[in-house]
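Below, each chain spelled out in residue letters.
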Amino acid sequence: MSSVFGVFKRVYAAFISPPRSLNAEDNDASPPLKIGIIGAAAIAPPALVLPAISHPEVELYAVAARDISRAENFAKKHGFKKWYGGKDGYQELLDDPAIDIIYNPLPNGLHYEWTMKALAAGKHVLLEKPSGNTAEETRRMFSLADQKGLVLLEAFHYKFHPAIQRVRAIIDSGELGAIKEVNATLAIPKGAIGNDDIRMNYDIGGGAMMDCGCYPLSCVRYLTSRNPSAVISATAMRFSRDPRIDTGTTANLTFASLKPGEEPVRSTIKCDLAIPPRWGFIPRWPEVSVRAVCERGSIEMFNFVMPTIYHYITVRPDGGAPRTEKAYTFEGGKGEEWWSTYRYQLEAFVDKVKGRTPQTWMSPEDSIANMEWIEKIYEESGLGSRPQSTYVYPTA
């Protein structure tokens, strides 16, 4: 019963009614960082709006949407002070001198153009994953951020939570010996994503590997502390309306050994936007897990993407008793049990912008590599990369 109550308490505080912190201005500190959102996307409230409510150093300031009425409704609902709309709405938001940070949750195919424009306008950027349609786009974005002295972060929020960091700490400790195999899955039930969803639109970077697939790929790279050495095979389930789109992909990877004499690490990643019902009519639960097999045992984590709701880490040492762990906070560090992955991510992002050292960070090299291997998996599956943006950044 206490476990059920804990789930309710965390979900309520993280995703329904987070505690409202005192604004930095109310504390006689430096003015809060003003946030502008490009696109009134459905992901924005859980990913940024709700986490910002409990952060004392940020302010929800402005939002832009192509439809100005949508922007106005979003702004009034979530407490933004300003809104922009129409064909020039995005640029007008970027041109607002009061804004410090841009959150970019636009469709994948628009990430490059509007992140480059935001950086050109002197804004720090929190960019939804995947960072772009191609690794080259990702490389250019981080290069411009570096030239401008601005913070750009790809929003792989799960990496900022204590739970997945605990899994890696156990692997890195050597308790279970060297890692031999690691497999990760993120799959959602059929019907959760409609046929007309942006994820099914090739022209703006759609596809399962681009959406839910980027998580298991990132996770196996994170837990092995290295990049793959090869894509052994990749199989895509093609969308009936557009065979260029994958509704699901399975990829088998290898990771080179770190020590002479060790075998390469094997890995299978799976993603699916439409798990079929059991026996044709019983809905399936989402599948969100990662499991590593090591020389002297195994470790598995359920729900590595949204651990705040509920998760467990099961450690099975060979010859020893299995144990279950949970990790909602860092020992002696920042955080509350109800903090979502997004709230931990925002804490790190603000720390970076403020010149402090964040508890965890995702480097440009990490983002570029993840996009490179997404492209390699698509190539092996026969679908090929998503179309590169036609936007040309002015260099003159």
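Residues numbered from 1 in each chain as written. Predicted model: local features only at pLDDT ≥ 70, side-chain atom pairs only at ≥ 80, totals over all residues. Heavy atoms only, no water.

1. Focus on the overall build of the protein
Moving on, step 1. The helix and strand inventory of the protein stands at 10 helices and 14 strands.
Moving on, step 2. Over its C-alpha atoms the protein spans a radius of gyration of 21 Å, differing by no more than 12% from the 21 Å that the globule rule assigns to 396 residues.
Moving on, step 3. Its C-alpha atoms give the protein principal-axis dimensions of about 60 × 50 × 45 Å.
Moving on, step 4. The buried share among the 396 residues of the protein stands at 54%.
Moving on, step 5. At a minimum sequence separation of 6, the contacts of the protein that also span at least 24 residues come to 69%.
Moving on, step 6. For the protein, the exposed surface amounts to about 17500 Å²; the carbon and sulfur share of it is 52%. (Helix = DSSP H or I, 4+ residues; strand = E, 2+ residues; numbered from the N terminus. Rg over C-alpha atoms; globule rule 2.2 N^0.38 Å. Buried < 20%, exposed > 50% of the residue type's maximum accessible area, 1.4 Å probe, protein only. Contact = heavy atoms within 4.5 Å. Areas by Shrake-Rupley, 256 points an atom, 1.4 Å probe, with all protein chains shown as cover.)

2. As for the UniProt feature "domain: Gfo/Idh/MocA-like oxidoreductase N-terminal" (unreviewed entry) in the protein
Moving on, step 1. The positions that UniProt labels "domain: Gfo/Idh/MocA-like oxidoreductase N-terminal" (unreviewed entry) are, in the present scheme, residues 33-153.
Moving on, step 2. Helix makes up 45% of residues 33-153 and strand 23%. Its end C-alpha atoms lie 16 Å apart. (UniProt positions renumbered as here; feature names shortened; annotations may be inferred.)

3. Things to note about the packing of aromatic side chains
Moving on, step 1. Summed over all chains, the structure comprises 13 aromatic pairs.
Moving on, step 2. Aromatic pair Tyr310 and Tyr312: ring centres 6.2 Å apart, planes at 70°, arrangement edge-to-face.
Moving on, step 3. Judged by its relative accessible area of 27%, Tyr310 is partly exposed.
Moving on, step 4. Among the aromatic residues, those joined into a ring-pair cluster are Phe156, Tyr158, Tyr215 and Phe304.
Moving on, step 5. If you follow Arg66 out to its NZ or CZ, it ends over the ring of Tyr90, 4.0 Å from the centre.
Moving on, step 6. In this structure, Lys117 packs its charged tip against the face of Trp114, placed 4.1 Å from the ring centre. (Phe/Tyr/Trp six-rings, centres within 6.5 Å; stacked < 30°, edge-to-face > 60°. Lys NZ or Arg CZ within 6 Å of the ring centre and 35° of its normal.)

4. Examining the state of the cysteines
Moving on, step 1. Using the criterion set out here, one finds 0 disulfides in the structure.
Moving on, step 2. Of all cysteine sulfurs in the structure, the one in Cys212 sits closest to Cys214, which takes part in no disulfide; the separation is 8.0 Å.
Moving on, step 3. Relative accessible area serves as the criterion here: at 1%, Cys214 is assigned to the buried category.
Moving on, step 4. Distance from the sulfur of Cys294, which forms no disulfide, to the nearest cysteine sulfur (Cys219) is 13 Å.
Moving on, step 5. The buried category is assigned to Cys294, whose relative accessible area is 4%. (Disulfide = S-S within 2.5 Å.)

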